[in-house]
Amino acid sequence: MITIDALTLRTDDRTLVDGVTMHLAEGALHLLAGPAGAGKTALLEALAGLRRPASGSATRFGRPLCPREVVYVPHDPRLYAGLTGRDLAELALRYRPGGSEADAAALLGAFDLPLDTPVEGWSPARRRQLALVAALLRSPAVVLLDEPVEGFDAAARRTARRLLLAERPRGTTLIVATRRPLTLADMADELHVLAGGTLCRQYRGDELVAALCAAQGFGNSGKSS
Amino acid sequence: MTRPSLLRLLGYSPEWTGALRRHRAAAASVAAALLLCTPVPYLPFGALLLAAVACRGLYRRHEDPALLALPRMGASRLLTRKILAAWRNYFALTLPAALVAAVFHPRTAWIAAAWAPLAALALAYAVLAKYARYDPCSPSAGASQAERWGAAGVLLPPLLPLTLWLTVTYALAAERNLDRYLYDYD
């Protein structure tokens, strides 16, 4: 269980997240939804250890989240300039803690990426696809994704969904920040809506399905698998 | 048999691989310039030292912490690894030029005894200075005036004490800084 307890994040001149409390179940997909400026990215950065809270805490099983168990894929990943996609994949594979080469090759081939060209010439969406693959290659316990499918075409979006769904049997906890929750909401276990740095609503189980159906304007057809 | 990748040849150093891929023409020009320096006594080792100082350019941009965490090492081990990779690649690439210079001008070969440690210091300084000011939330940070003077210390002997002092300062700061993102490794 990841517990976010009265977490407040501030910059010099404004409050990004104000006293947010959440209990995020392990092995589930959690969507953090809300408009721009709601505090989603700041919350992910705090969970990744990139921002220090002004007050409150974020813990996993009672202790702070540590780099070994968390991977954060930002909205615009900064990869090493000059490296090709294959170089970065090779780096990720070299330090991979176990797992089969076949699985790794399947992950690398999931998206149609130009692996032999330098990554700085790629679109942000493609860089995000590679960063997502590199993150999943590390088999972390918690994956934090900021707008992971923004700018993806339909095929890439389907692939991303497939990859995220494949993490479930492994018990990976996925925390996804997005402005457009409907894209991934049918896969989500919990939806947390943020606005102005505070937590407005949380949906779980049937409540989430009902909210989704209402948002999409059709009857209750259940969640996809 | 598959050919080893450039990344592997360069000791899995992303900075050196990226730089060689991005600036092939510049790398070739440096090699040509070093060759041209060879007939002039004393000049080759100065040029090689200048090349070591120029390697600071490889350590300007800040990568994502997820990439820093890839080798699954703590701050001190990661810094050691980065410095060793820089030394390995620099000396592997420059040793032929140094040997040619020593063969052409045997009387100047003693300069290699000064060149090697100064080049090693310049490279360690570049790595440590980068990670002392590493900030995952900004793509890169400009070098401070002190850092520039410190980098010049390997070329200007009066500034060498400053370089040594800054190297120690940056080493402590870099370890403390990276420890925030890599504290549970090691």
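These numbers were taken from a predicted model, which means no experiment stands behind them.

What counts and what doesn't
Residues numbered from 1 in each chain as written. Chains lettered and ligands numbered in written order. Predicted model: local features only at pLDDT ≥ 70, side-chain atom pairs only at ≥ 80, totals over all residues. Helix = DSSP H or I, 4+ residues; strand = E, 2+ residues; numbered from the N terminus. Rg over C-alpha atoms; globule rule 2.2 N^0.38 Å. Buried ≥ 20, exposed ≤ 12 C-beta atoms within 10 Å, placed from the backbone. Contact = placed C-beta atoms within 7 Å. Axes fitted to C-alpha atoms, helices over the stretch in contact; angles between N-to-C directions. Parallel < 35°, antiparallel > 145°, perpendicular 65-115°, else oblique. Left-handed = near helix turned anticlockwise from the far one by under 90°. Nonpolar A, V, L, I, M, F, W, Y, C, P; charged D, E, K, R; others polar. Core = buried A, V, L, I, M, F, W, Y, C linked by C-beta atoms within 7 Å. Pairing = 2+ DSSP bridges. pLDDT = per-residue confidence, 0-100. Expected span 1.5 Å × (residues − 1).

1. Digging into the overall build of chain A
Then, in step 1: On a plain count of helices and strands, chain A comes out with 7 helices and 10 strands.
Then, in step 2: Relative to its length of 225 residues, chain A is compact, with a C-alpha radius of gyration of 17 Å against a globular reference of 17 Å.
Then, in step 3: Seen through its principal axes, chain A has C-alpha atoms that stretch 45 × 45 × 30 Å.
Then, in step 4: Looking at chain A as a whole, 44% of its 225 residues qualify as buried.
Then, in step 5: If you take every contact in chain A between residues at least 6 apart in sequence, the share linking residues at least 24 apart comes to 72%.

2. Considerations on the packing of helix 3 (residues 24–37) of chain B against helix 4 (residues 43–54) of chain B
Residue and element names in this part refer to chain B.
Then, in step 1: One way to put it is that helix 3 packs onto helix 4 with a least axis distance of 8 Å and a crossing angle of 160°. Classified by the interaxial angle, the pair formed by helix 3 and helix 4 is roughly antiparallel. With respect to the hand of their crossing, helix 3 and helix 4 are arranged in right-handed fashion. Counted together, V30, A33, L34 and C37 of helix 3 and L43, P44, A47, L48 and A51 of helix 4 form the full contact between these two elements.

3. Regarding the interface of chain B and chain A
Then, in step 1: Facing 30 residues of chain B, the contacting portion of chain A comprises 24 residues.
Then, in step 2: Looking at the side of chain B that touches chain A, the elements that each hand over two or more residues are helix 2 (14–22), helix 5 (65–68) and helix 9 (160–182) of chain B.
Then, in step 3: In terms of residue count, the dominant contributor to the side of chain B that touches chain A is helix 2 of chain B (7 residues).
Then, in step 4: Here the side of chain B that touches chain A is composed, by residue class, of 17 nonpolar, 4 polar and 9 charged.

4. Some words on the nonpolar core
Then, in step 1: Counting 118 residues, the largest nonpolar core has A:L47, A:L144, B:L48, B:L123 and B:L128 as its most contacted members.
Then, in step 2: Ranked by residue count, the leading element in this core is helix 7 (residues 112–132) of chain B, at 13 residues.
Then, in step 3: Leave out the neighbours within four places in its chain, and A:L144 touches A:L44, A:L47, A:A48, A:V70, A:V71, A:Y72, A:V73 and A:I175.

5. Quick word on the sheet that holds strand 10 (residues 198–204) of chain A
Residue and element names in this part refer to chain A.
Then, in step 1: In spatial order, the strands read 6-7-8-3-9-10; together these 6 strands make up an open sheet with mixed pairing. Each edge of the sheet is formed by a strand with only one pairing partner; in this case those strands are strand 6 (70–73) and strand 10. Shown here is a sheet whose adjacent strand axes are inclined to one another by a mean of 15°, direction ignored.
Then, in step 2: Helix-sheet contacts for helix 1 (residues 40–47) involve strand 3 (29–33), strand 6, strand 7 (142–146), strand 8 (173–178) and strand 9 (190–195), and the interaxial angle to strand 8 is about 150°.
Then, in step 3: Lying on the sheet, helix 4 (residues 124–137) is in contact with strand 6 and strand 7; it crosses strand 6 at an angle near 175°.

6. Focus on the confidence of the model for chain B
Detailed reading of the predicted coordinates is not advisable wherever pLDDT falls low.
Then, in step 1: Summarising the model, chain B shows a mean pLDDT of 89, and 98% of its residues fall at 70 or more.
Then, in step 2: Both confidence scores are given for the complex: pTM 0.84, ipTM 0.82.

7. Some details on the pairing of strand 2 (residues 15–24) of chain A
Residue and element names in this part refer to chain A.
Then, in step 1: Across 6 bridges, the pairing between strand 1 (residues 2–10) and strand 2 is antiparallel. Bridge pairing in strand 2 places T3 opposite H23.
Then, in step 2: Joining the antiparallel neighbours strand 1 and strand 2 is a turn of 4 residues.

8. Things to note about helix 2 (residues 85–94) of chain A
Then, in step 1: Within helix 2 of chain A, the full set of buried residues consists of A:G85, A:D87, A:L88, A:A89, A:L91 and A:A92.
Then, in step 2: As for helix 2 of chain A, its buried residues are in contact with helix 3 (101–108) and helix 4 of chain A together with helix 1 (6–9) and helix 2 of chain B.

9. Observations concerning helix 9 of chain B
Residues and elements named next belong to chain B.
Then, in step 1: Here helix 9 contains 23 residues, and its C-alpha end-to-end distance of 32 Å stays within 8% of the 33 Å for a straight helix at 1.5 Å per residue.
Then, in step 2: Listed as buried for helix 9 are T163, L166, Y170, A171, A174, L178, Y181 and L182.
Then, in step 3: Turning to helix 9, the residues buried within the fold contact helix 5, helix 6 (75–104), helix 7 and helix 8 (145–152).

10. Examining the packing of helix 6 of chain B against helix 9 of chain B
Residues and elements named next belong to chain B.
Then, in step 1: Taken N-terminus to C-terminus, the directions of helix 6 and helix 9 make an angle of 120°; their axes are 8 Å apart at the nearest point. You can see that helix 6 and helix 9 cross each other, and the crossing is right-handed. Only A174, E175, L178, D179 and L182 of helix 9 make contact with helix 6, whose side of the interface consists of A75, S76, L78 and L79.
Then, in step 2: Looking at the contact of helix 6 with helix 9 residue by residue, the classes come out as 6 nonpolar, 1 polar and 2 charged.

11. Brief notes about the environment of B:A132
Residues and elements named next belong to chain B.
Then, in step 1: Looking at where A132 falls in the secondary structure, it is placed in helix 7.
Then, in step 2: A C-alpha to C-alpha distance of 8.0 Å links A132 and R176, two positions 44 residues apart in sequence.
Then, in step 3: Those residues within four positions of A132 in sequence are excluded, and the remaining contacts are Y170, A173, A174 and N177.

12. A look at the sheet that holds strand 1 of chain A
Each strand in a sheet pairs with its neighbour through backbone hydrogen bonds, running either in the same direction (parallel) or in the opposite one (antiparallel).
Residues and elements named next belong to chain A.
Then, in step 1: The strand order across the open sheet built from 4 strands is 2-1-4-5, with neighbouring strands paired in antiparallel fashion. Of all the strands in the sheet, the pair left with one neighbour each is strand 2 and strand 5 (63–64).
Then, in step 2: Together, strand 1, strand 2 and strand 4 (55–60) form the strand contacts of helix 1, whose direction differs from that of strand 2 by roughly 65°.

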